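# Breakdown of the fold
These are the residues of each chain, in order.
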Amino acid sequence: MAKRVYTESDVRAHLAKGGSPASMPKDIILTPSARDRLREATGNARGASAAAPARATAPGEPILPNYIFEWPPGADPKTPDEIQAFFTSPPIEELKRRMCDIGRRMWEREYTDGNGGNLVVRVGDNLFLTTQTLISKGFMSPETISLVDFEGKQLAGKYKRTSECMTHLAIFRNQPKARATCHAHPVHATAYAVAGVRPPTCMIPEAEVFLGQIGIAEYQTPGTPANAKAVGEVAKDHHAVLMLNHGVITWGDHIEDAYWKMENTDSYCKTIWIASQLGTDLKTITGGQARELIELRKSLGMKDKRENWKECELCDNSEFRPGVICRNPSPSPPSSSSSSSSSSSSPSPSRNDESEVLVQRITDLIIEKLQA
Ligand SMILES: [Zn+2]
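Attention here is on the structure that accompanies the text. (Residues numbered from 1 in each chain as written. Predicted model: local features only at pLDDT ≥ 70, side-chain atom pairs only at ≥ 80, totals over all residues.)

## Description of the overall build of the protein chain
- Counting its secondary structure elements, the protein chain contains 13 helices and twelve strands.
- The burial tally for the protein chain puts 38% of its 372 residues in the buried class.
- Within the protein chain, contacts between residues at least 6 apart in sequence are counted, and of these 65% link residues at least 24 apart. (Helix = DSSP H or I, 4+ residues; strand = E, 2+ residues; numbered from the N terminus. Buried ≥ 20, exposed ≤ 12 C-beta atoms within 10 Å, placed from the backbone. Contact = placed C-beta atoms within 7 Å.)

In structure tokens:
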């Protein structure tokens, strides 16, 4: 009898149902990518550590880290037994350990205090791992992680999920590219959120590439549907969102990525704050240089709402410090993306035009006076 060929998605489906590498049928042929996936799961099952599993490459090629959790679409476990088997499967146990590791890193960097902060990882069409409520993020263990669906209903795990879960889920609902979210109250970035100041742009290239412009979500009581709605909207256009009078929430391709964006955001805010104390104007790169960084960001797969902005708008930090404004009069009506995206961050072209008319009028009056 011909042997059955197992592809990578067959292996994923097997693991998603709670199967292990050891329980794979014996009399099968594995495709190369199926073999790689199985090897990765075998490593995970051995508790391979929080180090990045390697993405398989041809022999001799450099290895790329790959933290992305993928699942076969339409194959979420359904019955209680299937869900429980999935929830305790080796790849999910590895993710739980990784979430605990990131919680410890957040606490050690003073991004969370008390029971603050939470983490969510998407692991299916309608499945999410989440941290529990009322726990210090520095001292979590894998059994404290629970599994919820898109409505926040707890499907597995003995501890109650975080009350801020719905805000995270709103990001996944609005931003299909999000695979993980990270929320914390890091001191420097939260200070900006309390002052209601959007961190300026065009100061540090890595921040332009990996964060883009930082978003601002209006204040709403944490954990409420209104908070979820406000954050979900802003996360469509921003990887990092300052929640006014509250803290920061970030999203990424995987939980490491979401956490890195938290580090990037707080370090950026800290650096700008210190630079602001040095008694000199802050220097910025040019709009043209910013444009190059946005192109680089796009080439790394991160969309940027600023791609259609005029160059003079890209480094317009008038909201952060008065005086730096987009000086070029708009020769044509702004595109819709430009006008909608810049509505909260930069003076609108019509306001600029009005200002220019006013400045011209005042200049004329002064010249008239001088000539009189
Ligand atoms: Zn919070």
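Right, picking up where we left off after that structure.
## Some points on the nonpolar core
- Ranked by internal contacts, the top residues of the largest apolar core, which has 71 residues, are Met99, Val121, Leu129, Val231, Val241, Leu242 and Val248.
- Val121 has contacts with Phe69, Leu95, Met99, Phe128, Leu129, Ala180 and Ile255, leaving out every residue within four places of it along the chain. (Core = buried A, V, L, I, M, F, W, Y, C linked by C-beta atoms within 7 Å.)

## Observations concerning the sheet that holds strand S9 (residues 180–184)
- The strand order S8-S7-S6-S5-S9-S12-S11-S10 describes an open sheet built from eight strands, whose pairing is mixed. Since the sheet does not close on itself, it has two edges, and those belong to strand S8 (154–156) and strand S10 (215–217), each with one partner. Across the sheet, the mean angle separating the axes of adjacent strands is 25° when strand polarity is ignored.
- Bridge count between strand S6 (residues 127–130) and strand S7 (residues 146–148): three bridges; the pairing is antiparallel. The residue of S7 that forms the bridge with Leu129 is Leu147. (Pairing = 2+ DSSP bridges. Axes fitted to C-alpha atoms, helices over the stretch in contact; angles between N-to-C directions.)

## Quick word on the packing of helix H5 (residues 165–174) against helix H8 (residues 225–235)
- With their axes 8 Å apart at the nearest point, H5 and H8 run at an angle of 35° to one another. For the pair H5 and H8, the sense of crossing is right-handed. Residues Met166, Thr167, Ala170, Ile171, Arg173 and Asn174 of H5 pack against Pro225, Asn227, Ala228, Lys229, Val231, Gly232, Glu233 and Ala235 of H8.
- Residues of the contact of H5 with H8, tallied by class, amount to seven nonpolar, four polar and three charged. (Left-handed = near helix turned anticlockwise from the far one by under 90°. Nonpolar A, V, L, I, M, F, W, Y, C, P; charged D, E, K, R; others polar.)

## As for the environment of Lys78
- Here Lys78 shows up in the loop between strand S4 (64–65) and helix H3 (80–87).
- Judged by the 9 C-beta atoms lying within 10 Å of it, Lys78 is exposed.
- For the pair formed by Lys78 and Lys17, sequence separation is 61 residues and the distance between their alpha carbons is 9.5 Å.

## Here we look at unusual backbone geometry
- At Leu134, a residue that is not glycine, the phi angle is positive and equals roughly 50°.
- As for its position among the elements, Leu134 is in the loop between S6 and S7.
- For Leu134, a count of 10 C-beta atoms within 10 Å gives the class exposed.
- One non-glycine residue, Cys202, lies in positive phi territory at about 65°.
- When you line up the elements, Cys202 lands in the loop between helix H6 (187–195) and helix H7 (205–210).

By themselves, these observations are geometric and do not establish any function.
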